[in-house]
Amino acid sequence: LGATRGVIVGSCALNMLLGTPCFPTNDLNIIVPLGGFRDMSQFIVDHLMFTSGSSISHRVMNTPIHKFKQYSYQDVHITLTESSDEANVMRIIVNSPTTADMTMMTSGGAVTLYPELTFEGVAFVTHIGQNLRGDEKLGSIGGCHRFELQRSTEFLARPCRSTCPALWRNTTNRLEYFVIQWSLQGNINTPLNNGGVEWRLAKYCQNSRCPFRGEIMCHNEPIPPIHMPSCSFDVDSQMINISDHAPRYLNVYKGLLFPTNALRPIIVDIPLLEGVPILRSLSDLNVNYWVNQRDCGPYNACREHYRLVLHNLPNSVTPLDHDYTIFFESPRTFPKPNNLARMINKHRNGRDGNILFVK
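Overview of the structure. The model shown is predicted, which means the values in this text are computed figures rather than measured ones.

### Some points on the pairing of strand S7 (residues 109–112)
- Alternating residues of S7 divide into Gly109 and Val111 and Ala110 and Thr112, and every residue in both groups is buried.
- As paired elements, strand S6 (residues 103–105) and S7 share three bridges and run antiparallel to each other. The residue bridging Met104 from the neighbouring strand is Val111, located in S7.
- What sits between S6 and S7 in their antiparallel hairpin is a turn of three residues.

Quick look at the structure:
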C-alpha cells in the first residue's frame with residue numbers, strides 16, 4: 001500500500017475509525033494515484049491469490065477514475081481504483097456519494113473530512129449520490145445501515161457552519177477534519193498535503209437557518225464570473241459585486257491584477273472564501289473573482305496547479321522583501337491572451353488569461 005501511495009476507503013476505513021459494527025466486512029476498497037495500478041494489481045493476484053473480475057466502474061464515478069478492477073477470493077472482494085490524478089487520490093475521495101465515504105486510511109493513520117456528521121452516524125448525500133437511481137448502491141448508499149442519510153442539512157435545526165454543503169473547502173482546512181495517526185510510516189498527511197483539491201458537496205444549501213442558503217446566495221454574481229474581468233471597467237464592476245455580496249464579506253485583502261486587455265496592473269479586492277473566518281493559507285482566498293481556476297466542473301478544482309511562489313527574482317541579486325504568489329488562470333478554461341504579459345515578454349510565449357499577484 002505504501003509503495004503505491006494508495007489508501008483504503010469504504011467500510012474498512014470506517015470500521016477502523018468508528019469501531020467494527022455487528023455485521024462482518026468482506027470487502028476491501030483501495031485507491032491508488034495514477035501509475036500505481038499495475039503493481040497493486042499484480043500483488044493482489046500473485047501474492048493474495050485473488051481472481052480478477054469486472055473492470056467497469058460505477059457510471060457516476062467515471063470522471064475522476066482512470067482505471068478500475070474487481071477481485072474476489074471465495075466470499076471476500078477487493079476493488080482497486082486508479083485515480084486520473086498522478087499526484088494524489090483526493091479527487092476521488094471528495095467525489096464520494098456521501099460525507100461518510102470521505103474517510104480514508106493508510107498503514108499509518110486515518111482521516112474523515114466531515115467528522116461532525118460521521119461520528120454522529122449521519123451521512124449527507126452529495127451531488128454524486130444525488131445522481132444515483134433508486135435501486136443503485138454505492139458507498140454508504142443502498143447497502144449500509146450504519147448511517148442516517150440526509151439530503152439536506154435542515155435536520156441540524158441550526159446554521160450549518162463548517163458542514164454547509166454549498167461552501168468550498170480544501171485540504172488545508174485542518175481544523176475541519178479529523179486525523180488520527182498511529183505510525184509515521186504510511187503518514188496519512190501525505191495524501192492530504194499533496195492534494196491541492198478544492199470541493200463542495202452541492203451548489204446550494206437548503207437549510208433555512210444557514211446564512212449561505214440558496215435563496216440568499218443565488219442573487220450573488222457567479223464565481224468565477226461568466227466573463228472574466230478584462231479591463232478597468234470590468235474590474236470596477238467586479239469590485240461592486242464583491243462589496244454587494246450577501247452575506248457581506250468580513251475580511252478582504254488586496255492583490256495586483258494584470259487583466260487581459262489592460263496595459264497597467266490594477267489593485268483589486270480579494271475576499272476570503274464564504275464561511276472562512278480567518279486567513280489560514282492562500283487557499284482560503286477567493287481568487288476566482290479575478291482568475292478562473294475552477295476547471296473541473298462546479299463541484300471540485302485543483303487550484304494548486306495554477307499558482308507560483310516567488311522567493312527571489314530571476315537574474316537579480318536584490319532579495320525580495322516578501323514572498324510573492326502569482327495566481328494564473330487554468331488553460332482548460334480557454335482564457336484570452338494577456339496583452340500586458342505579451343508586451344513585456346515579446347520574444348516568449350507568456351501566460352494567457354488574467355494574472356493576479358498577492359504579497
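After presenting the structure, the write-up continues.
### Examining helix H8 (residues 232–243)
- Taking 1.5 Å as the rise per residue, H8 with 12 residues should run 16 Å; its terminal C-alpha atoms sit 17 Å apart, in good agreement.
- Taken as a whole, H8 has its buried residues at Val235, Gln238 and Ile242. Down the axis, H8 shows its buried residues gathered within 65° of arc, on one side only.
- The inward-facing, buried residues of H8 contact strand S13 (252–258) and strand S14 (266–271).

### Regarding the sheet that holds strand S17 (residues 319–328)
- An order of S14-S13-S18-S17-S16 is seen for the five strands of this open sheet, with the pairing classed as antiparallel. The outermost strands of the open sheet, each flanked by one partner alone, are S14 and strand S16 (307–312). Shown here is a sheet whose adjacent strand axes are inclined to one another by a mean of 35°, direction ignored.
- Bridge count for S17 against strand S18 (residues 355–358) is four bridges, and the pairing is antiparallel. Of the residues in S18, the one forming a bridge with Ile326 is Phe357.
- H8 rests against S13 and S14 of the sheet, and its axis sits at about 25° to S14.

### Notes on the pattern of salt bridges
- Applying the stated rule across the entire model yields 11 salt bridges.
- Linking Asp39 and Arg38 is a salt bridge whose minimum nitrogen-to-oxygen distance equals 3.8 Å.
- Arg38 gets classed as exposed once you look at its relative accessible area, which sits at 61%.
- Put simply, Lys254 and Asp269 hold a salt bridge, and the shortest N to O gap is 2.4 Å. One end of the pair, Lys254, is in strand S13; the other, Asp269, is in strand S14, with 15 residues separating them in the sequence.
- By relative accessible area, which is 16% here, Asp269 ends up buried.
- The structure contains a network of salt bridges with shared partners spanning Arg169, Glu176, Arg280 and Asp284.

### Observations concerning empty space enclosed by the protein
- Taken as a whole and judged by the stated rule, the model has one cavity of 30 Å³ or more.
- In this structure, the largest cavity spans a volume of roughly 60 Å³.
- Taken together, Asn170, Thr171, Thr172, Gly196, Val197, Glu198, Ser283, Arg303, Glu304 and Arg307 make up the full set of residues lining the largest cavity.

### Notes on the sheet that holds S6
- Read from one edge to the other, the open sheet built from eight strands follows the order S3-S4-S5-S2-S1-S6-S7-S11, with strand pairing classed as mixed. For this open sheet the edge positions go to strand S3 (51–52) and strand S11 (178–181), each flanked by a neighbour on one side alone.
- In the sheet, strand S1 (residues 7–9) pairs with S6 via two bridges, with the strands oriented antiparallel. Across the sheet, residue Ile8 finds its bridge partner in S6, namely Met105.
- Sheet strands touched by helix H1 (residues 11–18): S1, strand S2 (27–32), S6, S7 and S11. Its angle to S6, the strand with the most contacts, is close to 85°.
- Each of S2, strand S4 (65–73) and strand S5 (76–83) is contacted by helix H2 (residues 37–46), which is oriented at about 5° to S4, the strand it contacts most.

What counts and what doesn't
Numbers given for residues are sequential positions, taken from 1 along each chain in its written order. Selection of residues for local features in this predicted model requires a pLDDT of at least 70, selection of side-chain atom pairs for listing and counting requires 80 or more, and totals for whole chains, interfaces and linings are taken over all residues. Excluding hydrogens and water, the side-chain values take into account all heavy atoms of the structure. The rule is simple: take the accessible area with a 1.4 Å probe, protein chains only, and divide by the maximum for that residue type; under 20% is buried, over 50% is exposed, in between is partly exposed. Numbered from the N terminus, helices here are DSSP runs of H or I no shorter than four residues, and strands are runs of E no shorter than two. Strand pairing follows a simple DSSP-based rule, namely that at least 2 bridges must link the two strands. Given a helix with a known number of residues, its expected span is that number minus one, times 1.5 Å. Each direction from the helix axis to a C-beta atom contributes to the arc, which is the arc of those directions. Working rule for contacts: check all heavy atoms of both residues, and any pair within 4.5 Å makes them a contact. Here an axis means a line fitted to C-alpha atoms, over the contact stretch when the element is a helix, while the angle between two N-to-C directions is reported on a 0 to 180 degree scale. Criterion for a salt bridge: a side-chain nitrogen of Lys or Arg within 4 Å of a carboxyl oxygen of Asp or Glu. Using only the protein atoms, space was sampled on a 1 Å grid; points where a 1.4 Å probe fits but cannot get out form cavities, open sets with protein on both sides within 12 Å along at least five of seven lines form pockets, and lining residues are those with an atom within 4 Å of a point. Grid points are joined across faces, edges and corners, and a volume is the space filled by probe spheres set on the points.

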